[in-house]
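For reference, the chains in residue letters:
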Amino acid sequence: MRRTIIWVVAAALCALVALGGCGKKEEAATLTIWQTYNDEEHPVFKEIVRQFKEAHPGITIDIVRLPFAGAEPKIQTALTTRTEPDIARVDVSFLAKLASKNALLSLEELVPAAFRDEILPVALQSCVYRGTLSGLPDQTNGLCLFYNRELFRQAGLDPDRPPATWDELIAYGKKLTDEEKGVFGIGVRNSLWWSLPFFYTHGATFLSDDGLHCLLNGPEGVAAFQLKVDLYERHRIEGGAWRSGGIQNDLGFQNGRYAMIMNGPWAVESLKKTGLDFGVGLIPEGPAGTATNVGGNNLVVFRSSKRPELAAEFLMFVAGEDIQRMWAASLGQIPVNVKAMDAITSDEHPYLAVFVEQMGTAIARPQTPYYPEIENIMNPEMQAALDNTKSVKDALDTAVAEIDKLLAGE
Amino acid sequence: MSARRHTKARAWRRALVYVGLTIAAIVVLFPFFWMVVTAFKEPGQAFTAEIFPSNPTFENFRRVLTEFGFGRYFVNSVIVATTAAFFATLFASLAGYVFAKKDFIGRDKLFGFLLASLMIPGMMYVVPQFAIINKFGWMNSYRAMIVPHLANVFGLFLMRQYMTTIPNELLDSARIDGAGEWQVFRTIMVPLSIPIIATLFLLTFQFHWNNFLWQLIVVNIERLYTVPVGLALFRSQHEASYTLIMAGSCISVLPIVAIFFFAQRYFIEGMTMGALKG
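Residues numbered from 1 in each chain as written. Chains lettered and ligands numbered in written order. Predicted model: local features only at pLDDT ≥ 70, side-chain atom pairs only at ≥ 80, totals over all residues.

**Some details on the overall build of chain B**
Then step 1. Regarding its fold elements, chain B presents 13 helices and 0 strands.
Then step 2. Going from N to C terminus, chain B has its helices and strands arranged as α-α-α-α-α-α-α-α-α-α-α-α-α.
Then step 3. Its C-alpha atoms give chain B a radius of gyration of 24 Å, more than 25% over the compact-globule value 19 Å for 278 residues.
Then step 4. Dimensions of chain B, computed from the C-alpha atoms along their principal axes, are close to 80 × 70 × 30 Å. (Helix = DSSP H or I, 4+ residues; strand = E, 2+ residues; numbered from the N terminus. Rg over C-alpha atoms; globule rule 2.2 N^0.38 Å.)

**Here's the deal with the overall build of chain A**
Then step 1. For chain A, the helix and strand inventory stands at 17 helices and 11 strands.
Then step 2. Counting across all 410 residues of chain A, residues that qualify as buried make up 46%.
Then step 3. Restricting to contacts in chain A with at least 6 residues of sequence separation, those with at least 24 account for 73%. (Buried ≥ 20, exposed ≤ 12 C-beta atoms within 10 Å, placed from the backbone. Contact = placed C-beta atoms within 7 Å.)

**Brief notes about the confidence of the model for chain A**
Residues and elements named next belong to chain A.
Then step 1. Mean pLDDT for chain A: 89, with 93% of residues reaching 70 or above.
Then step 2. Looking over chain A, one finds the lowest element-wise mean pLDDT in helix 1 (residues 2-27), namely 49, and the highest in strand 7 (residues 144-148), namely 97.
Then step 3. Scored below 50 in pLDDT, residues 13-27 shows 2 contacts in the model against residues more than four places distant or in partner chains. (pLDDT = per-residue confidence, 0-100.)

**Remarks on the pairing of strand 10 (residues 278-281) of chain A**
Residues and elements named next belong to chain A.
Then step 1. Burial along strand 10 is one-sided: Phe278 and Val280 are buried, while Gly279 and Gly281, pointing the other way, are not.
Then step 2. Pairing between strand 7 and strand 10: 4 bridges, direction antiparallel. In the strand pairing of strand 10, Phe146 is matched with Val280. (Pairing = 2+ DSSP bridges.)

**Section: the sheet that holds strand 6 (residues 136-141) of chain A**
Residue and element names in this part refer to chain A.
Then step 1. Read from one edge of the open sheet, 5 strands run 2-1-3-11-6, paired in mixed fashion. Across the chains shown, the open sheet's two edge strands, defined by having one partner strand only, are strand 2 (60-65) and strand 6. If you compare each strand with its neighbour and ignore which way they point, the axes differ by 15° on average.
Then step 2. Relative to strand 11 (residues 295-301), strand 3 (residues 87-91) runs antiparallel, the two sharing 5 bridges. Bridge pairing in strand 11 places Val90 opposite Asn298. (Axes fitted to C-alpha atoms, helices over the stretch in contact; angles between N-to-C directions.)

**Focus: the interface of chain B and chain A**
Then step 1. Listed by partner, the interface residues are 25 residues for chain B and 25 residues for chain A.
Then step 2. Put simply, the parts of the chain that give the side of chain B that touches chain A at least two residues each are helix 5 (123-136), helix 11 (213-217) and helix 12 (227-232) of chain B.
Then step 3. Its residues placed into classes, the side of chain B that touches chain A shows 15 nonpolar, 7 polar and 3 charged. (Nonpolar A, V, L, I, M, F, W, Y, C, P; charged D, E, K, R; others polar.)

**Things to note about the sheet that holds strand 10 of chain A**
All names here are of chain A.
Then step 1. Strand order in the open sheet made by the 4 strands is 8-9-7-10, with mixed pairing throughout. Each edge of the open sheet carries a strand with a single partner, namely strand 8 (184-187) and strand 10. Shown here is a sheet whose adjacent strand axes are inclined to one another by a mean of 20°, direction ignored.
Then step 2. Where strand 7 lies against strand 9 (residues 258-263), 4 bridges are found, and the strand directions are antiparallel. The residue bridging Leu145 from the neighbouring strand is Met262, located in strand 9.

Put into structure tokens, the structure is as follows:
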């Protein structure tokens, strides 16, 4: 009898301790999030966090806002001392680097397949490193063609009809260019990411499937970059925006020096504020049709997180239909959730609707931790081709040989 | 007659020098001028060619100070930069005195060793310093932003080189008059080294005022952000709010300008002192 009582008391104590522990754990549930949203996005994000907390009473969420420029070194330093947060918002290319260092929690088990099907495929792919889902997108974007409707009118072009093909763009460009006034048909940036629409519309592939070879120096790639060079060199409709010291394309577009530029959805709001009469069209079709590149940001959970399920749930909450609907409507950005796409109607969001359509043709960037290095190899070679010190074939061959060496060292 | 021609030629030359200097001043000051006018423009107008904004606005300053808490960042920067510059200068002048005027075994070897550490790029220190700060539990504090930079080898070098030129006889005569070590330092070394002390203070202040990466890394609370970190928040991945950046920059250059005007007196003093000696 006595013994039984002791057992019962002991069991009760154990249960109490366990429960107490449990309750404590629930209380202490804290998520730390490091994010890089801009001034407009930050308040909306805080609202998202508020809603998440409402759905999960008792949890604490610490938001730390970081400047985009310093986020990567800060995260890397924190990782060396194990002081990283639970969740961070990182650029598409930084995700691969973190995943390759084994710093990220795999979301394979935590994010159900049904949910993954809701996510825009190219955006989801940007979170997959070597077959493992390592994050969820919170924002996606790609480039489209912006054009100055006023300059179109002055040149006798239809301001509602941006060029549909590259040939058409060249023909338009010749009408728009007036070298004496310093007005040019188009201004292009030089870097690899900004050149991807040229490559993709010509059917060039960036990396081989095994990720060991860069394929941009194939015939399609050469043709694509030759077009970019020709815009400046042969057709003389490009204003030299890629030159160091040239008028940068955003600026030239704002000031009416370039009638067309490529740009992303982030530019829409600030351009509207300048009062410029502009339109947005799809990237002109090449031999492989229209296509664009993918940029954006993903939310990742670090391996060290003590609350992996809760963190994963937060990621799904952000990428979920309701939040994405709100995000798209209040900020004019492309939703990452396909179910929220219908929130973007061409009546209400004429510019964004074009971007949403273009994202359907977007080609995901292969995930490699070396993306920044690839840019560093590629850009000077492309510059040499643009200023005609090297042939396009030579420049791309040299760059690809370097890149392959880099990839082989992986 | 020829004297008049001579003065005339001199006047011409002077005029030419002034024209040259004026042009140089315009070139140097134009970015500052542009910063100030842009700070008064409306958001979309940042890059319009008009020199003066057609409807100038205080909106940027208002937003920077109220919505974005720049006042707080400013106070943080002042605390960090002033404290760090004060102590770094103090330590460097004390050590500089010892290395310049005291004899002890291995002095020159030790000095060479310290100088060699100048050759290591500062970025190399970031991670180990961060690890130490983290171990001390100093994260998210002013200490973390200030303490690691108090020992300044470059400052030590500057001080030592300058103090070596101060004649030993001055120190000896002070000692004969019964001055102690501390008194010699305070009444002879410091007053004679004021130009270099002011310079070092200005340099370290400026370094800490502009320091971005370290202040960002050791702080996870927006309340403790400094001005450069706050300014960087206005720049997102693809675009930047230039009018806000410029308004913030206008505020951030004020202390540097103020300190420079204050310290300039000593620079000039330093120069005339040399002239008298010659």
